[in-house]
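Residue-level listing of the chains:
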Amino acid sequence: MIGNGLLTLPTHQAPFKLLLQSPYTALVSENTRCCRKHKQEKMGTVNIWLKRSYVGLTCFIMITCIVMCGFTLFHHGVMYKEEEIDNSSGASKGVHMFYVFYAASFLFSIFGLFGIFKKKTWPLIVFTVGIIICSLASLLVATVLMIGQSMFPHFIKDEYLGMLPLTNATETVTETLDHLQSEFECCGIDQGYKDWMGVIPHSCLCAEDATNPCVAAPRNSTLYEEENPVMIYAEPCLPIFLESVDGLIKGTIGLILGITILWVLSVVLCIVILCQMNRKEETPKVVYSKEAKAGNYSYLTEA
């Protein structure tokens, strides 16, 4: 019952004495709950566009790693099938190094996505440290390739010139040159078809869809036919092969630098996210009322 500003309870519920809180004490309780909730939230808020940019870039890095790993695996299989590479060669070690780079980058990207979605700092720290290590290693490889770009042609030139004269070439050298001549549409090493001393192999025959220039086989060659002139490749293989190697090195350097730029950008975004997650937000102030402290209460009395 309510009467004279007082709320009375039925007699069967007595004796009870209840306190009616004033609006001021309700405000204090609400502020206290907000304070406790704020203490439970240990991490700051991450900007939504920063988070989306980081997730998008990390996913792009993962897709790039999968594509490049598949591309490398395909060419590795082709070269191994054609016996252009063996497991003990330097080229094989370089291919394995690329496998390690791609696998490590993919693994660290998984840590980065786990950290950003679960709002945990330790996976983001693992991602940052791991990608920084990969970036430094890739820059080291790119530097070595840049330095060796001017040295590799001399080694290759000395190796191929050491095969001359081709009349004394072994079966292995002959097979290597046959493949080289067919692939690059060339003949001979340094002086063109003259390097074969008249014993010109069939790999020098000019194909119908050849893009490189061709000439008629000389009279003193094994391919000469008086009625139907036989066309052979005119250019030597060494300059074309050196140009191809130089383009391959430049492409590899560009690929490494491109991936490194993506890694560095993802690290920068991750560091900014970590700073925002560790940022301390201002705690809301709790306002206390003098009237609430003085005890502005109403009492429930017995009926």
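Procedures and definitions
The written sequence of each chain sets the order in which its residues are numbered from 1. Local features in this predicted model are restricted to residues of pLDDT 70 or higher, and side-chain atom pairs are both shown and tallied only at a pLDDT of 80 or more, whereas totals for entire chains, interfaces and linings draw on every residue. Note: side-chain values were computed over all heavy atoms of the structure, leaving out hydrogens and water. The nonpolar core is taken to be a set of buried Ala, Val, Leu, Ile, Met, Phe, Trp, Tyr and Cys residues, with the residues joined through side-chain atoms within 4.5 Å. Only protein chains enter the accessibility calculation, which uses a 1.4 Å probe; a residue is then buried when its area is under 20% of its type maximum, exposed when over 50%, and partly exposed in between. Strands here mean DSSP runs of E at least two residues long; helices mean DSSP runs of H or I at least four residues long; both are numbered from the N terminus. Throughout, a residue-residue contact means that at least one pair of heavy atoms, one from each residue, lies within 4.5 Å. Only C-alpha atoms enter the line fits that serve as axes; for helices the fit covers just the stretch in contact. Angles between N-to-C directions range over 0 to 180 degrees. By the definition adopted for this analysis, an angle is roughly parallel if under 35 degrees, roughly antiparallel if over 145, roughly perpendicular if from 65 to 115, and oblique otherwise. Crossing chirality is assigned from the near helix's rotation relative to the far helix, an anticlockwise turn below a right angle marking it left-handed and a clockwise turn marking it right-handed. Lys, Arg, Asp and Glu make up the charged group, whereas Ala, Val, Leu, Ile, Met, Phe, Trp, Tyr, Cys and Pro make up the nonpolar group; the residues left over, Gly among them, are polar. When two cysteine sulfur atoms lie within 2.5 Å, the pair is treated as a disulfide.

Further remarks concern the nonpolar core. For soluble globular proteins, the rule of thumb is that nonpolar side chains tend to be buried together. The biggest cluster of nonpolar side chains holds 57 residues, and the ones touching the most others in it are Tyr54, Leu124, Tyr160 and Leu177. Here this core takes 17 residues from helix H7 (residues 237–277), the largest share from any one element. Residues in contact with tyrosine 160, not counting those within four places in the same chain, are Thr176, Leu177, Leu180, Ile189, Leu238 and Phe241.

Now for the packing of helix H4 (residues 121–148) against H7. Running from amino to carboxyl end, H4 crosses H7 at an angle of 155°, the nearest separation of the two axes being 9 Å. With respect to H7, the axis of H4 lies roughly antiparallel. Here the hand of the crossing between H4 and H7 comes out left-handed. Its residues assigned to classes, the contact of H4 with H7 comprises 23 nonpolar, seven polar and no charged.

Next up on the list: the state of the cysteines. Such a bond, covalent and formed between the sulfur atoms of two cysteines, is termed a disulfide. Following the criterion strictly, the structure yields three disulfides and no others. The residue that forms a disulfide with cysteine 186 is cysteine 237, at a sulfur-sulfur distance of 1.9 Å. One quick way to see it: the torsion about the S-S bond of cysteine 186 and cysteine 237 is about 100°, and its sign makes the bridge right-handed. Taken together, the residues span a long stretch of sequence, with cysteine 186 in the loop between helix H6 (171–184) and strand S4 (214–216) and cysteine 237 in helix H7 at a distance of 51 residues. Cysteine 237 sits in the buried class, given a relative accessible area of 1%. Here cysteine 187 engages in a disulfide with cysteine 204; their sulfurs sit 2.2 Å apart. Across the disulfide from cysteine 187 to cysteine 204, rotation about the S-S bond amounts to roughly 85°, and the bridge is consequently right-handed. In this pair, cysteine 187 is assigned in the loop between H6 and S4 and cysteine 204 in the loop between H6 and S4, connecting sequence segments 17 residues apart. Each member of the pair cysteine 187 and cysteine 204 is classed as buried.

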